[in-house]
Amino acid sequence: MTYTYYPGCTLKTKAQDLDHYGRESLKALGITLEEPDEWQCCGAVYPIARDEIATKLSAVRALAAARDNASPLVTLCSACHHVLTRVNDDMRRDENVRTKANNYLKLPVPYSGETEVIHYLQLLRDKIGFDNIAKAVKNPLKGRKIGAYYGCLLLRPSKVMQFDDPENPHIIEDFIKALGATPVIYGMRNECCGGYVTLKDEAQAAENTNRIIKNAASKGAEELITACPLCMYNLRKHSDGTVKISYITELLYDALGLREELGDAPEACETADGIAAGCACKRTEKAE
Amino acid sequence: MHQTEKETAELIKQISGSDVKKCMKCGKCSATCPAYGEMKFHPHQFVTMVAHGKVDELLRDGTVTRCLSCFACVERCPRGVEPANVVAAIRVLAEREQGGSNFVPDEVPALIAADNEIPQQALVSAFRRYRK
Amino acid sequence: MHKIGVFVCWCGSNIAATVDIDRVVAEAKVQPGVVFAKDYQYMCSEAGQNIIKDAIKEYGLTGIVVCSCSPRMHEATFRKAASQAGLNPFMVEIANIREHCSWIHKDKEEGTEKACVLMRAAVAKVTLNTPLKAGESKVVKRALVIGGGIAGIQTALDIADAGFPVDIVEKNATIGGRMAQLDKTFPTLDCSSCILTPKMVEAKSNENIRLITYAEVEEVSGFVGSFKAKIRKKARYVKEDVCTGCGVCMSKCPSKKGLNEFNMGLNNRPAIYIPFAQAIPNVAVIDSTQCIKLNTGKCGLCEKVCTAKAIDYTQQDEFIEEEYGAIVMATGFRPIDASKFDEYSYSTCKDVVTSLELERIMNAAGPTGGVLLRPSDGKHPHSIVFIQCVGSRDVSGRGKPYCSKICCMYTAKHAMLIRDKYPDVEVHVFYIDVRTPGKNFDEFYRRAAEQYDVDYIKGQVGKVWEEDGHLVVRGVDLIANEQIILNTDMVVLATAIEPDPTARKVANMLTASIDTNDFITEAHPKLRPVESPTAGIFLSGVCQGPKDIPETVSQAGAAASKVIGLLCKDKLTTNPCVAHSDELLCNGCSCCEKVCPYGAISYDTHLINDHGVKETRRVALVNEALCQGCGACTVVCPSGAMDLKGFSNKQIMAEVEAICL
């Protein structure tokens, strides 16, 4: 089975491991991810102001590419999932956005929200099935107490995202269970880590992440998992290290026994120059 | 193009798509806001300020740049007011002014030099949320 | 020769401000058949009615048109006046120039124009009216009350006291409803059980009342005065007339995992159980989903220990069919599901409870014996936070758009009781508005704040989470303009109330109309608050809208008085505006039968003399007692055989022609 896959900018650079573990795990489960040609960065945040059209166009391009590929569009990064889902919703419901975006893009076939955007976790749950994943697990993560950290972008606003119960989500907990570990439910799992404000005010991000980690630890979590590179950054930066933080895909990779087989993910780009030179974006392909 | 304060408030309502009159002043937005402590004005206040057409100070004082866009207020508002959308509208209006940007490319090298782990997503988000 | 009189009402300024009355009168005077036209400030007043009566007599009027408010308002008034003056009441037509005209127009010119059109149409119709005579139907002198909470009990008691037999159908195994679950009642703090259980006993012992518990109404047919109901009495697996309520079976039952509904699921109960000690009837019931014997065939312990020999595992559902003159809906309410608001962590934290759960915790017969203990660890809490308006006044789609009305008062009650019994417990109440209209209500709330030191905080709570064995509450104090974080031991959610889910089903069965929130609609929100628009259906308690106990009891009494008024009558006059079929035109196609919502049309095959040709044909027959005059059959009849008395096709066409003039 092949799905169109939108990795997004960070998964090509700083979060290459999120991407790598995700792809390899799916490959082991019999699913191939196919990137559309020449996708562009989704913009990372959804443009809320209703008069903004241009900032939604790159998302529309990716959505239209998936439509032309006759496949749902699979996302992994929470921010990409948020932006693509909401722009898709605009293209379905908001005539103003739909008309103007199509006028700008002049696609061979105009786009009006036909694509189904699904998150990696939804792919696991709805297309593969957590029970089948449980069967494929080679190294059950027995005894590990793992807290799901959802953050904001996957869940809210729930009317558009329709990802899970926004106040008491369970998809990541079900995922953790499927891998043989014990999910730890804690109240702060859907509260904000501080997001991009960390660039302007590190203290605020520190306060938020500390509250989250403290709450998770108080409920017995020894690890946290997330799907979002920015959440990962904030959590890691401000954690004292007692709670381990990893990506959802790394957990899956380990449980499927792929680390023994394939080893660690390649290192991410080291320097600003490296990113500027664009080397990182192509490195996985080069390595193959 | 000079606008009166009231006209600006109308524009904010328009581009936020938010019906601030629906607010019943329960304060749940402020009760839920993770950036409350960093703000001079708080979510329930700026909804009311927009409703009253008193927005000049909001456009200037930088309160709205503290919003994390976490959408908790949108999710939990019992009246469907969507305070985060009001914030976004105020923000873009402030940023569209000459010199309204809060984040410039020149800042990036220093940031990365200080912390090489900053993900691209954070930079792109900051560019999108802080400048026009 | 027609002699029509037209009477134009000003309705004070309601009509006169938007309609030029003089012009309407002048135009009326020149309509064919009109011999008299006059206006008056209030045509419905005694003086106005006298104008009509005098004109009928003086001019020998054969029909009248009253240009006034909606016929729903005063058609009956004017028909009565006409009848008193010797005119057949069905020779009266109303031109609605208020609701349909003056109230919706701003421009006087347009309003006047439309009023003239409506007047012309009514005149055109009335010239084709024929005198009709109302028929009669019987009144079955027995009432049905659906729901056995305080509303249903009070209604039944009042009807029974007037000497009429009443059946109470209650879906649960006992009557008592929500009130039986409450600890104390506001604003007097008297014990709920102490005032309710005597009424329950009275309902049981009253010879005019039959309690049909653990039962649901399945089908209702018929009409006011003569309803037929089919009631399913669910299998209890315990013989109701044999069980003594000794409770031995409960103590021996090995299956103890059923959630105790009476205690809001805070503890478990056996598969065979009596809902609570004061249950009426005081008879056990077996929960068939939990009973080991019923599910596996093994066990049978309760049968062995029952000395009265009351257990019967083979019992089946039974059906009771009965006729009633009137039906009262008293289906009550339930709290909404608090897990829809999981920012308050109701689903994940045991110490977050709803107010009704707290009510059980505070109750001496509750799971903790009335001692205030945290559900998570059974420890004494030192601080409690109450959150009001959880799901009330909520238009986001998660909650209810209305104010649930009772929460401010019961929260004040809870806060006060806790502070009174446990002065060491800190109590905070987050509120949006405190709404306490009602006798001694605001005084009650202020007492909680002033004498009992309850900390009222104006603002909402945004999030509750659990940490290090306590709860953390993040809320806002709008007066202090600050976000506050409180550590507390328990959180109590004042969840919105909603109509019991059975209300919609019952309302459909009774063709009683229902609003978007599933509350039953009144015939008139002010003037007929305890009647449904469907004749013979009455409303009691929260099924009509949120209300507290005193209000419920008053409404229950009001509903009873309406029922008594109906049952006192020996006969009811029926609406003569019913369908009838012209058998010479009918081709027996069954179209009308299929659309009739009242089952009023049947078929008969008999000899017909069609202009000298005699033949046997199948033709439609209308049961005039069942027909409600909706006219659906007249619209579908392909041969034009069906017509409606008082609203004949000819009359309607005449109106249309007059409008298009």
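Quick notes on the rules
- Residues numbered from 1 in each chain as written.
- Chains lettered and ligands numbered in written order.
- Predicted model: local features only at pLDDT ≥ 70, side-chain atom pairs only at ≥ 80, totals over all residues.
- Heavy atoms only, no water.
- Domains from an automatic or database assignment.
- Contact = heavy atoms within 4.5 Å.
- Buried area = accessible area lost by both parts, 1.4 Å probe.
- Salt bridge = Lys/Arg side-chain N within 4 Å of Asp/Glu carboxyl O.
- Polar contact = N/O pair within 3.5 Å; in protein donor to acceptor, adjacent residues only side chain to side chain.
- Helix = DSSP H or I, 4+ residues; strand = E, 2+ residues; numbered from the N terminus.
- Core = buried A, V, L, I, M, F, W, Y, C linked by side-chain atoms within 4.5 Å.
- Buried < 20%, exposed > 50% of the residue type's maximum accessible area, 1.4 Å probe, protein only.
- Nonpolar A, V, L, I, M, F, W, Y, C, P; charged D, E, K, R; others polar.
- Pairing = 2+ DSSP bridges.
- Right-handed = clockwise from strand over helix to strand, strands pointing away.
- Axes fitted to C-alpha atoms, helices over the stretch in contact; angles between N-to-C directions.
- Left-handed = near helix turned anticlockwise from the far one by under 90°.

Chemist: Outline the domain arrangement of chain A, supporting the account with residue identities and numerical values.
Modeler: Residue and element names in this part refer to chain A. According to the domain assignment, chain A consists of domain 1 (2-120) and domain 2 (130-261). Relative to domain 2, the C-alpha centre of domain 1 lies at a distance of 23 Å. Listed by partner, the interface residues are 23 residues for domain 1 and 21 residues for domain 2. With both sides pooled, the region where domain 1 packs onto domain 2 buries about 2000 Å², and carbon together with sulfur makes up 77% of that total. Taken together, the links from domain 1 to domain 2 amount to 0 salt bridges. In this structure, the connection of domain 1 to domain 2 is made through 5 residue pairs in polar contact (both at pLDDT 80 or more). Listed by contribution, the elements that provide at least two residues to the side of domain 1 that touches domain 2 are α1 (16-28) and α3 (78-93).

Chemist: Quick one: what's the story with the nonpolar core, residue by residue and with numbers?
Modeler: Buried together is how nonpolar side chains tend to be arranged in soluble globular proteins. Counting 143 residues, the largest nonpolar core has A:Leu26, A:Leu124, A:Ile172, A:Phe175, A:Leu179 and A:Ile248 as the members making the most contacts within it. With residues up to four places along the chain from it excluded, the contact list for A:Ile248 reads A:Leu76, A:His119, A:Tyr120, A:Leu121, A:Ile172, A:Phe175, A:Ile225, A:Thr226 and A:Ala227. Ranked by size, the runner-up nonpolar core spans 42 residues in total, among them C:Ile4, C:Phe7, C:Leu87 and C:Met119.

Chemist: For the interface of chain A and chain B, give the residues involved together with the corresponding values.
Modeler: Tallying the contact residues gives 50 residues for chain A and 46 residues for chain B. In total, about 3900 Å² of surface goes out of reach between chain A and chain B, with carbon and sulfur atoms giving 55% of it. Three residues, A:Ile48, A:Tyr196 and A:Leu199, lead the burial of chain A against chain B; their summed loss comes to 20% of the area buried on that side. One can count 6 salt bridges joining chain A with chain B. Joining chain A to chain B, the criterion identifies 20 residue pairs in polar contact (both at pLDDT 80 or more). Contributing elements (two or more residues each) for the side of chain A that touches chain B: α3, α9 (202-218), α10 (229-238) and α13 (272-277) of chain A. The dominant element in the side of chain A that touches chain B, judged by the number of residues it contributes, is α10(A), at 4 residues. In terms of residue class, the side of chain A that touches chain B is built from 26 nonpolar, 11 polar and 13 charged.

Chemist: For the pairing of strand β23 (residues 455-458) of chain C, give the residues involved together with the corresponding values.
Modeler: All names here are of chain C. Sheet topology note: the strand β22 (residues 426-431)/β23 ladder contains 4 bridges and is parallel. Residue Tyr 431 lies in a different strand from β23, and its bridge partner there is Lys 458. On the question of chirality, the crossover connecting β22 to the parallel β23 by way of helix α14 (residues 441-450) is right-handed.

Chemist: Residue-level account of the packing of helix α3 (residues 46-59) of chain C against helix α4 (residues 71-84) of chain C, with values.
Modeler: Residue and element names in this part refer to chain C. Remark: α3 packs on α4, axes separated minimally by 9 Å, with the N-to-C direction vectors making an angle of 40 degrees. Crossing handedness for the pair α3 and α4: right-handed. For the pair α3 and α4, contact is made by Gln 49, Ile 52, Lys 53 and Ile 56 and by Thr 77, Phe 78, Ala 81, Ala 82 and Gln 84, respectively. A class-by-class count of the residues in the contact of α3 with α4 yields 5 nonpolar, 3 polar and 1 charged.

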